[in-house]
Amino acid sequence: PFAEPYQRSADEFQQHASQVAALWGRRLLQSRTVFLAGSDVLVLPPDDVKAYLTAIGTVFPIAPTTEKRSRDRASELGEVSPRFDGVHAFLDEFTDGWPARAAWSEFAVLGLTRVSIGITSGDPKIRALYFQEWTDDDLLAMFSDLKAAGIGASLLTLVGAGGLEHSRSHVSRTAALITALDLGPGDFVFLLDENERRDP
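As a starting point, this report considers the structure included with it. (Residues numbered from 1 in each chain as written. Predicted model: local features only at pLDDT ≥ 70, side-chain atom pairs only at ≥ 80, totals over all residues. Heavy atoms only, no water.)

**Some thoughts on the overall build of the protein chain**
Reasoning step 1: Each helix and strand counted, the protein chain has 7 helices and 5 strands in total.
Reasoning step 2: Starting at the N terminus, the α and β elements of the protein chain follow one another as α-β-α-α-β-α-β-α-α-β-α-β.
Reasoning step 3: Within the protein chain, the fraction of its 200 residues that count as buried is 34%.
Reasoning step 4: Accessible area of the protein chain: about 11800 Å², with a carbon and sulfur share of 55%. (Helix = DSSP H or I, 4+ residues; strand = E, 2+ residues; numbered from the N terminus. Buried < 20%, exposed > 50% of the residue type's maximum accessible area, 1.4 Å probe, protein only. Areas by Shrake-Rupley, 256 points an atom, 1.4 Å probe, with all protein chains shown as cover.)

Right, dumping it as structure tokens:
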């Protein structure tokens, strides 16, 4: 049976991060990104998110771009320690609100470099079939705040969402919604097969 939803305290999360680091050991040297899992983690109270990002930065040091050359040079000299490019997180439901622009900026300072946004469809009726209740205007506003903080974005949308009967609307409205977003260099659009997430 599934466990009941549970949110770790800051101390518990710090301990969890340390345990993950211990489990990975020297394999951490092969990694460049920390993924903060949970589709709702970014809509928790901002202080909670900042506590998680602070714990991540303590256990998995985030290296600004200017430090990467020094890190690479150190590895040539045999002085190797893990350094990470940043933290990624996922967000797909923000009907009840999303971080304020100032909070996104604070998250960025603490190492959040990319948010993957689940956009099932640009058609609100199809989104509702997948329990996404946010509006196009919600997405545009949230995305604007995210980009103002200098955070990269990945958009994940479902090819085939809504089935054949909704295909024309799904394709045209999804393309229009994604095109309306202020995508920049380094942002990604992923097309996922809807059949891969459906229970056979």
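**Remarks on the sheet that holds strand S2 (residues 86-91)**
Reasoning step 1: Pairing is parallel in the open sheet, where 5 strands are placed in the order S1-S2-S3-S4-S5. Each edge of the sheet is formed by a strand with only one pairing partner; in this case those strands are strand S1 (33-36) and strand S5 (188-193). Each adjacent strand pair in this sheet contributes to an overall mean axis angle of 25°, direction not counted.
Reasoning step 2: In the sheet, S1 pairs with S2 via 4 bridges, with the strands oriented parallel. By the bridge assignment, leucine 36 is partnered in S2 with alanine 89.
Reasoning step 3: Each of strand S3 (112-119), strand S4 (152-159) and S5 is contacted by helix H7 (residues 167-180), which is oriented at about 175° to S4, the strand it contacts most. (Pairing = 2+ DSSP bridges. Axes fitted to C-alpha atoms, helices over the stretch in contact; angles between N-to-C directions. Contact = heavy atoms within 4.5 Å.)

**Focus on helix H6 (residues 136-148)**
Reasoning step 1: When the terminal C-alpha atoms of H6 are compared, their 18 Å separation across 13 residues agrees well with the 18 Å that a helix rising 1.5 Å per residue should span.
Reasoning step 2: Of all the residues in H6, the buried ones are Asp138, Leu139, Met142, Phe143, Asp145 and Leu146. For H6, the arc enclosing every buried residue in end-on projection is 160°, short of the 170-degree limit, so these residues lie on one face.
Reasoning step 3: Along its buried surface, H6 packs onto S2, helix H4 (101-109), S3, S4 and H7.
Reasoning step 4: Where H6 terminates, the next one or two residues include glycine 150, which has phi positive at roughly 80°. (Expected span 1.5 Å × (residues − 1). Arc of directions from axis to C-beta.)

**Structural notes on helix H1 (residues 10-24)**
Reasoning step 1: Compared with an ideal rise of 1.5 Å per residue, which puts 15 residues at 21 Å, H1 spans 21 Å between its outermost C-alpha atoms and is within 8% of the ideal.
Reasoning step 2: Those residues of H1 that sit buried are Phe13, Ala17 and Ala21. Viewed end-on, H1 has its buried residues packed into an arc of 80°, placing them on one side of the element. In H1, the exposed residues that point more than 90 degrees away from the buried face are Asp11, Ala22 and Leu23.
Reasoning step 3: Contacts made by the buried residues of H1 are with S1 and helix H2 (46-59).
Reasoning step 4: Trailing H1 by a residue or two, glycine 25 shows a phi angle of about 55°, which is positive.

**What about the pattern of salt bridges?**
Reasoning step 1: Scanning all chains against the criterion turns up 5 salt bridges.
Reasoning step 2: A salt bridge links aspartate 136 to arginine 127; the nearest nitrogen and oxygen atoms lie 3.0 Å apart.
Reasoning step 3: Residue aspartate 136 is classed as partly exposed on the basis of its relative accessible area, which comes to 23%.
Reasoning step 4: Residue lysine 147 is joined to aspartate 187 by a salt bridge in which the shortest nitrogen-to-oxygen separation is 2.9 Å. In this pair, lysine 147 is assigned in helix H6 and aspartate 187 in the loop between H7 and S5, connecting sequence segments 40 residues apart.
Reasoning step 5: Through salt bridges with shared partners, a single network forms among Asp47, Lys50 and Glu106. (Salt bridge = Lys/Arg side-chain N within 4 Å of Asp/Glu carboxyl O.)

**Notes on unusual backbone geometry**
Reasoning step 1: Positive phi is not limited to glycine here, since phenylalanine 131 has a value of about 65°.
Reasoning step 2: In this structure, phenylalanine 131 sits in the loop between helix H5 (124-129) and H6.
Reasoning step 3: Taking the relative accessible area as the measure of exposure, phenylalanine 131 reaches 68% and is therefore exposed.

**Things to note about the packing of H1 against H2**
Reasoning step 1: Contact geometry for H1 and H2: axes closest at 9 Å, N-to-C directions at 30°. One finds that H1 runs roughly parallel with respect to H2. Considering only the axes of H1 and H2, their crossing is right-handed. Where H1 abuts H2, its residues Ala10, Phe13, Gln14, Ala17, Ser18 and Ala21 lie against Ala51, Tyr52, Ala55, Ile56, Thr58 and Val59.
Reasoning step 2: Classifying every residue of the contact of H1 with H2 gives 9 nonpolar, 3 polar and no charged. (Parallel < 35°, antiparallel > 145°, perpendicular 65-115°, else oblique. Left-handed = near helix turned anticlockwise from the far one by under 90°. Nonpolar A, V, L, I, M, F, W, Y, C, P; charged D, E, K, R; others polar.)

By themselves these figures say nothing about function.
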